[in-house]
Amino acid sequence: MLETSPGQRITTARLAAELGVSEAALYRHFPSKARMFEGLIEFTESAILANINQIMEREKDTLVRCELMVRVLLTFVERNPGITRVLTGDALLGEHERLRSRVGGLFDKIEANIKQALRERRLREQVQTSVDEGLLANLLMAYAEGKIAQFVRSEFKRPPTEHFAEQWQVMARQLLA
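The rules behind each value
Residues numbered from 1 in each chain as written. Predicted model: local features only at pLDDT ≥ 70, side-chain atom pairs only at ≥ 80, totals over all residues. Heavy atoms only, no water. Core = buried A, V, L, I, M, F, W, Y, C linked by side-chain atoms within 4.5 Å. Buried < 20%, exposed > 50% of the residue type's maximum accessible area, 1.4 Å probe, protein only. Helix = DSSP H or I, 4+ residues; strand = E, 2+ residues; numbered from the N terminus. Contact = heavy atoms within 4.5 Å. Axes fitted to C-alpha atoms, helices over the stretch in contact; angles between N-to-C directions. Parallel < 35°, antiparallel > 145°, perpendicular 65-115°, else oblique. Nonpolar A, V, L, I, M, F, W, Y, C, P; charged D, E, K, R; others polar. pLDDT = per-residue confidence, 0-100. Phe/Tyr/Trp six-rings, centres within 6.5 Å; stacked < 30°, edge-to-face > 60°.

S.K.: Pulling in residues and values, what's your account of the nonpolar core?
M.R.: Counting residues in each nonpolar core, the largest one holds 41 residues, and the members touching the most others are Val70, Leu73, Ile110, Ile114, Leu140 and Trp168. Elements represented by at least two residues in this core include exactly α3 (33-58), α4 (62-79), α5 (81-87), α6 (97-125), α7 (133-153) and α8 (164-176). Per element, the largest residue contribution to this core is nine residues, and it comes from α4. With sequence-adjacent residues up to four places away left out, Leu140 is seen in contact with Cys66, Val70, Ile114, Trp168, Met171 and Leu175.

S.K.: Any chance you could break down the packing of α4 against α6 for me, citing the residues and the numbers?
M.R.: Relative orientation of the contacting elements α4 and α6 amounts to 170°, with a least axis distance of 9 Å. In terms of their interaxial angle, α4 and α6 are classed as roughly antiparallel. On the side of α4, the interface is formed by Thr62, Arg65, Cys66, Met69, Val70 and Leu73, while α6 contributes Phe107, Ile110, Asn113, Ile114, Ala117, Leu118, Glu120, Arg121, Arg124 and Glu125. Looking at the contact of α4 with α6, its residues break down into nine nonpolar, two polar and five charged.

S.K.: Describe the confidence of the model for the chain, naming the residues involved and giving the relevant values.
M.R.: Should pLDDT be low for a region, the predicted coordinates there are not to be read in detail. Per-residue confidence for the chain averages 84 on the pLDDT scale, and 79% of its residues sit at or above 70. Of all the helices and strands in the chain, helix α1 (residues 12-19) carries the lowest mean pLDDT, 56, while α4 carries the highest, 96.

S.K.: Got a sec to walk through the packing of aromatic side chains? Specific residues and values, please.
M.R.: For the coordinates displayed, the defined rule picks out four aromatic pairs. Seen from their ring centres, Phe43 and Phe76 are 5.9 Å apart, and the 45° between their planes marks the pair as tilted. Highlighted residues: Phe43 in helix α3 and Phe76 in helix α4, separated in sequence by 33 residues. Geometrically, the ring pair formed by Tyr143 and Phe164 is tilted, given 6.3 Å between the ring centres and 35° between the ring planes. Placement of the pair is Tyr143 in helix α7 and Phe164 in helix α8, with a sequence separation of 21 residues. Of the residues examined, Tyr143 reaches a relative accessible area of 16% and is grouped as buried. A relative accessible area of 1% means that Phe164 is categorised as buried. Joined through ring pairs, the aromatic side chains of Tyr143, Phe164 and Trp168 make up one cluster.

Okay, here's the thing in structure tokens:
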């Protein structure tokens, strides 16, 4: 429903009807609608951060690390358009504030990993960059969040990975400066 009904509020009554079960059956599995959204957010957080942790462990090249982390995020949302509405907050309008905070925390964790990768470059390679690592990490996240917003706004027709390889080449030059 998150994917097929963009802009519409998801109610437990509509969800139950879509699934062919009663609202009571939904509430036997989830104590509240907020818990249903939390389950989606936990799944998302687990999937994305597990991949980022693997990248940080296996890959030592800073640019490759950053590219792969941004790509993981963009690919995840491309493959899970409905969940993307949760990540942009579109599906959370009128829901508990803690859900939006939880999504914000996920984006903060991704940004922190990118910042860490950039800082490790300075330490490992003894490279002094002309731009603060936090600023660069924030720039990469702003790019990713913009691509995600375009995806939702296009009703999932404009994939967030569209032109990523070419755009990454431009961004990578700045990261090396």
